[in-house]
Amino acid sequence: MSSDVNSLTEQLSKTTVEEKKEISFAGKGLKLNTENDAKEIVKTIKEAPVMTALQMEGNTMGCEAAKVIGEALEGHPEFKRALWSDMFTGRLKSEIPQALKYLCGGITRSGAGLVELNLSDNAFGPNGVEGFKDFIKSESCYTLKELKLNNNGLGVTGGKMLAESLLECHKASSAAGRPLALKVFISGRNRLENPGATALAEAFKAMGSLEHVAMPQNGIQHEGIEALADAFAECKNLKVLNLNDNIFTAAGANAIARAIPHLQELEVINFGDCLVRSKGVRDIAKAINGTHKKLRELILSGNEIGKRGAKFAAEALQGKEAFDKLELGSNQLGEAGVERVKCIAEKHGKKGCLDSLSDDEGTDDEGDDDELTDDDDDDDGQDESAKDDQEGDVMPDPALRVEGKAIELKPDLNVTAKDFLLLPTEERLLGLGPDRARKLTEELKDDLENVEKMVHTFIRISSVVKVDGEKTREAAAECADALLHKLYEGNNKDTTAILATNVILVRLGLLKGEDKITYNYDLTGPLLIMSHVVKQSYFPKVSRDVLQLFLSKPNPKLDKCAKARHALMQVLYQF
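Residues numbered from 1 in each chain as written. Predicted model: local features only at pLDDT ≥ 70, side-chain atom pairs only at ≥ 80, totals over all residues. Heavy atoms only, no water.

## Looking at the overall build of the chain
Counted only if it meets this: Only runs of H or I of at least four residues qualify as helices and only runs of E of at least two qualify as strands under DSSP, and these elements are numbered from the N terminus. For every residue, the accessible area (1.4 Å probe, protein chains only) is compared with the maximum for its type, and the residue is labelled buried under 20%, exposed over 50%, or partly exposed between those bounds. In what follows, residue pairs with any heavy atoms lying within 4.5 Å of each other are defined as contacts. Under the convention used here, a 1.4 Å probe and the Shrake-Rupley method define accessible areas, while residue burial counts only the protein chains that appear.
What the chain contains, in helices and strands, is 23 helices and 15 strands. Looking at the chain as a whole, 54% of its 575 residues qualify as buried. Taking all contacts inside the chain whose residues are at least 6 apart in sequence as the whole, residues at least 24 apart take part in 82%. For the chain, the exposed area adds up to about 25800 Å²; of that, 48% sits on carbon and sulfur atoms.

## Thoughts on the sheet that holds strand β3 (residues 53-55)
Which entries qualify depends on this criterion: A pair of strands counts as paired when DSSP detects no fewer than two bridges linking them. For every element, the axis is a line fit to its C-alpha atoms; helices are fit only across the contacting stretch, and the angle between N-to-C directions ranges from 0 to 180 degrees.
Judged by pairing direction, the sheet is parallel, and its eleven strands sit side by side in the order β1-β3-β5-β6-β7-β8-β9-β10-β11-β12-β13 without closing on themselves. The open sheet is flanked by β1 (22-24) and β13 (325-327), the only strands paired with a single partner. Each neighbouring strand pair of the sheet contributes to a mean axis angle of 5 degrees, computed without reference to strand direction. As paired elements, strand β11 (residues 268-270) and strand β12 (residues 297-299) share three bridges and run parallel to each other.

## So, empty space enclosed by the protein
Test applied: Cavities and pockets were defined on a 1 Å grid built over protein atoms only: a cavity is a set of grid points that admits a 1.4 Å probe from which the probe cannot escape, a pocket is an open set flanked by protein on both sides within 12 Å along at least five of seven lines, and lining residues are those with an atom within 4 Å of any such point. Grid points are joined across faces, edges and corners, and a volume is the space filled by probe spheres set on the points. Under the grouping applied here, Gly and all other residues not named as nonpolar or charged are polar, the nonpolar ones being Ala, Val, Leu, Ile, Met, Phe, Trp, Tyr, Cys and Pro and the charged ones Asp, Glu, Lys and Arg.
Scanning the entire structure with this criterion turns up one cavity of 30 Å³ or more. For the largest cavity, the calculated volume is near 120 Å³. Considering the residues around the largest cavity, the lining is formed by 15 residues, among which Gln-217, Asp-245, Arg-565, His-566 and Met-569 are closest to the centre. Looking at which element gives the most residues to the lining of the largest cavity, the answer is helix α23 (residues 562-573), with five residues. Of the residues assigned to the lining of the largest cavity, the class counts are five nonpolar, five polar and five charged.

## Brief notes about the nonpolar core
Quick reminder of the rule: Only buried Ala, Val, Leu, Ile, Met, Phe, Trp, Tyr and Cys residues count toward a nonpolar core, and they belong to the same one when joined by side-chain atoms within 4.5 Å.
Ranked by size, the top nonpolar core spans 114 residues in total, and within it Trp-84 and Phe-271 carry the most contacts. Among the elements that line this core, the one with the most residues is helix α7 (residues 193-207), at seven residues. When near neighbours in sequence (up to four residues on either side) are disregarded, Phe-271 contacts Leu-241, Leu-243, Phe-248, Ile-256, Val-276, Ile-284, Ile-299, Leu-300 and Asn-303. If you look at the next biggest cluster of nonpolar residues, it comprises 51 residues, including Leu-429, Val-455, Ile-459 and Leu-508.

## Focus on the pattern of salt bridges
Heads up, the rule is: The salt bridge definition used is simple: a Lys or Arg side-chain nitrogen within 4 Å of an Asp or Glu carboxyl oxygen.
In total, this model carries 26 salt bridges according to the counting rule given. Note that Arg-81 and Glu-116 form a salt bridge whose closest N and O atoms lie 2.7 Å from each other. One end of the pair, Arg-81, is in strand β5 (residues 81-83); the other, Glu-116, is in strand β6 (residues 116-118), with 35 residues separating them in the sequence. Classification of Arg-81 by relative accessible area gives partly exposed; the value is 30%. Glu-116 sits in the buried class, given a relative accessible area of 7%.

## Comments concerning the packing of aromatic side chains
Applicable threshold: Only the six-membered ring of Trp is used, alongside the rings of Phe and Tyr, when aromatic pairs are assigned; centres must lie within 6.5 Å, and planes under 30 degrees apart are stacked while those over 60 apart are edge-to-face, with the rest tilted. Criterion for a charge above a ring: Lys NZ or Arg CZ within 6 Å of the ring centre, and within 35 degrees of the ring normal.
By the definition in use, this model includes six aromatic pairs. On the numbers, 6.3 Å between centres and 15 degrees between planes, the contact of Phe-204 with Phe-232 is stacked. With Phe-204 in helix α7 and Phe-232 in helix α8 (residues 222-232), this residue pair connects regions lying 28 residues apart in the sequence. Of the residues examined, Phe-204 reaches a relative accessible area of 0% and is grouped as buried. Each ring, one from Tyr-488 and one from Tyr-538, has its centre 6.2 Å from the other, and the planes form 25 degrees; the classification is stacked. In this pair, Tyr-488 sits in helix α18 (residues 470-490) while Tyr-538 sits in the loop between α20 (524-533) and α21 (541-551), placing the two residues 50 residues apart along the sequence. Taking relative accessible area as the criterion, Tyr-488 reaches 5% and is therefore assigned buried. Relative accessible area serves as the criterion here: at 7%, Tyr-538 is assigned to the buried category. A network of ring pairs unites the aromatic residues Phe-185, Phe-204 and Phe-232 as a single cluster. Between the NZ or CZ atom of Lys-311 and the centre of the ring of Phe-312, over which it lies, the distance is 5.0 Å.

## Remarks on the packing of helix α4 (residues 96-110) against helix α5 (residues 125-137)
Stated precisely, the cut-off is as follows: Under this scheme an angle from 65 to 115 degrees is roughly perpendicular, one under 35 degrees roughly parallel, and one over 145 degrees roughly antiparallel; angles in between are oblique. The crossing is said to be left-handed when, going from far helix to near helix, the turn is anticlockwise and less than a right angle, and right-handed when the turn is clockwise.
Between α4 and α5, whose axes approach to 8 Å, the crossing angle comes to 15 degrees. Here α4 is positioned roughly parallel relative to α5, judged by the angle of their axes. Considering how the two elements wind past one another, α4 and α5 form a crossing that is right-handed. Only Asn-127, Gly-128, Glu-130, Gly-131, Phe-132 and Phe-135 of α5 make contact with α4, whose side of the interface consists of Pro-97, Leu-100, Lys-101, Cys-104, Ile-107 and Thr-108. Taken together, the residues of the contact of α4 with α5 break down into six nonpolar, four polar and two charged.

## Topic: the environment of Glu-426
Assignment of secondary structure puts Glu-426 in helix α15 (residues 426-431). For Glu-426, the contacting residues outside a window of four places in its chain are Val-464 and Thr-472.

## A look at helix α16 (residues 436-443)
We count it as follows: In this description, one arc is meant: the one made by directions from the helix axis to the C-beta atoms.
Looking only at α16, the buried set comprises Arg-436, Ala-437, Leu-440 and Thr-441. One side of α16 carries all its buried residues, which in axial view fall inside an arc of 130 degrees.

## Here we look at the environment of Ile-305
Relative to the elements of secondary structure, Ile-305 occurs in the loop between β12 and α11 (307-315). In this structure Ile-305 comes out as buried when scored by relative accessible area, which is 0%. What Ile-305 contacts, discounting residues up to four positions off in sequence, is Arg-277, Ser-278, Val-281, Leu-300, Ala-310, Leu-328, Asn-331, Gln-332 and Leu-333.

## Remarks on unusual backbone geometry
Non-glycine residue Asp-86 carries a positive phi angle of around 45 degrees. In this fold, Asp-86 is placed in the loop between β5 and α4. Using a relative accessible area of 27% as the deciding quantity, one classes Asp-86 as partly exposed.

Right, dumping it as structure tokens:
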């Protein structure tokens, strides 16, 4: 017995237990400008016997502070996790790259092998990638497993630079016998669009190791989706696939459906607000029907799916014991379609997995299923390309009718402000002449401090703007400035900001109003003019922040004017 004890004691003495220690300064709101500002952080890092993670979220760091912190990192070859989200608030985009070079340089010199790099919520744009692209290529990143770059404004340029760095790292690490095998890639709200997504797809395909991918709200259309689908097919262990709020259309959905059979480990599929439509959901549902036993969530909300399309999704739940969530809200099922889906889910024992569908936007006679039938699962040959490119029908504002009758157009020559406000059109706005802003202000002089009236008028003016109407856009922006400047100038600014922001959100369809009126006009013009308005000094910062929050949420109405939405988001990212 004693010999057994002695043997066990000897084995334990030779066993080392890795000490895990995270040093955190998260949420302290530190303004780290100088070396002296960073003194406490540097001291803590240097005195730590072991430091595997450094959490710096919620502070703001300049170059001088980053330099000394980077030097302190040199003493920790055991370092693994750089948790540096939301770390450059208020910093010039020109100083962020150098700060990142100092920090990453310290890791490189330490000889550490990084496992996680989190730089999310730092709005550094493509310039920021310049600060860490060489680091990604370095030996310290051969071991990288998690790369989180959410909400950085990378754009196409940043996406391409990142992809190039990942490819070079994979090539060099493979040559060294330690190929880069990234498992988690998170890059939402980055405006990657097709070129950025396609470049990253090449890197994903080379690695073939991804298990969790989240790339929502990047303006990726079917060309980029097809490239990503081709890459994901090589990632056999992919568990979470989140491409929410991009623009699949039927072509992108079909490409994804072709990749899905290769991904039997999938647990979560999030394709909400992707314009998948009924044909797309049919293809995706067929790809998972009878397979993918580990699937837990299927999110297809906000996709203009009709009742027959939704049927395919519900039927695909059969035999999936782990399944616990199906989202089909904000589609076009109609009352009969909703009941049908509930019955199918109940039949397969999955009724509790279904979302409430209380926000369904369909009616029973809409014919919104791309001519699918219950018996015919095949492609009906209908050409959807023109339909996919539409930005939504322009519907008349309810306020543009008098006593239930449409107003007749008057000739647009010598149009008055009253004529224009009675029925706004592009021709009438231009017909007001170069003095249009003064004319409108004079006509509305008794209502210039009325928040509801002014915001409503602003939306009506901007609704005549089209994507390619440069003169109309300039004219509408000029009028918007005149009216909104008077509005914010004439009232308590804080109160007006709250009230006006609320009305703007309601009129844009981003928030439900108390009157429960649905505004069905095309949002392209209002979003384009908002891109101008939010840059003006009179527009409150709090309103910019709230707008950015609501615009980032999934919304089918915004999907129909994706280009205008992304243009506005791009401006908001700069403030």
